[in-house]
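# A look at the structure
Spelled out, the chains give:
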Amino acid sequence: MTKNMTKEKEIQRTLRTLGVNGSYLGFYQTSFAVKRVMENELMLIYISKGLYVETAARFQTSVACVERNIRTVIQIIWEYGDRELLEEMAEKKLERKPRNVEFLDMLARYMRDQQQ
């Protein structure tokens, strides 16, 4: 198994622990996006013109679908998932559901910390 595949599997395992599973298209798109952010944090600065475009191309869909699917993943985690783990990743008590960029950033940072 390649290093990238291992990284993506770990991200997917964490997403499952948070409370979302592979029955959502956004599950795989979120996993891919987090992997790309882990490889290059600047992807967060250009989220709409870079990260979403790259993810949409990878999954043969539109940028709007990627944005919506990631938002759905966050919504599922927020409503039904492990809020305690989510707050551990955020390193603070969350008063509101994280935006896409916030979620991708905190999950990528958490995954990087887990690898060290």
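Before reading further, recall that the structure is shown in the block above.
Fair warning: this is a prediction, and the values are worked out from it, not measured in the lab.

Judged by side-chain charge, D82, E84, E88, E91 and D113 come together as a negatively charged surface patch. By the secondary structure assignment, E84 is in helix α5 (residues 83–90). Given the relative accessible area of 68%, E84 is considered exposed.

It is worth spelling out unusual backbone geometry at this point. What is expected of a backbone is that most residues other than glycine have negative phi and most peptide bonds are trans. Even without being glycine, Q60 reaches a positive phi, approximately 50°. Locating Q60 in the fold gives a position in the loop between α3 (47–58) and α4 (63–80). According to the relative accessible area criterion, Q60 is exposed, its value standing at 75%.

This part is about a nonpolar patch on the surface. Where nonpolar side chains cluster on the molecular surface, the patch consists of L42, I45 and Y46 and spans about 350 Å² of accessible area. Note that I45 resides in the loop between α2 (25–39) and α3.

What counts, and where the lines are drawn
Residues numbered from 1 in each chain as written. Predicted model: local features only at pLDDT ≥ 70, side-chain atom pairs only at ≥ 80, totals over all residues. Heavy atoms only, no water. Patch = residues over 30% accessible without salt bridge, like charges linked within 9 Å, V, L, I, M, F, W, Y side chains within 5 Å. Areas by Shrake-Rupley, 256 points an atom, 1.4 Å probe, with all protein chains shown as cover. Salt bridge = Lys/Arg side-chain N within 4 Å of Asp/Glu carboxyl O. Lys, Arg positive; Asp, Glu negative; His and termini not counted. Charge placed at Lys NZ, Arg CZ, Asp CG, Glu CD. Helix = DSSP H or I, 4+ residues; strand = E, 2+ residues; numbered from the N terminus. Buried < 20%, exposed > 50% of the residue type's maximum accessible area, 1.4 Å probe, protein only.

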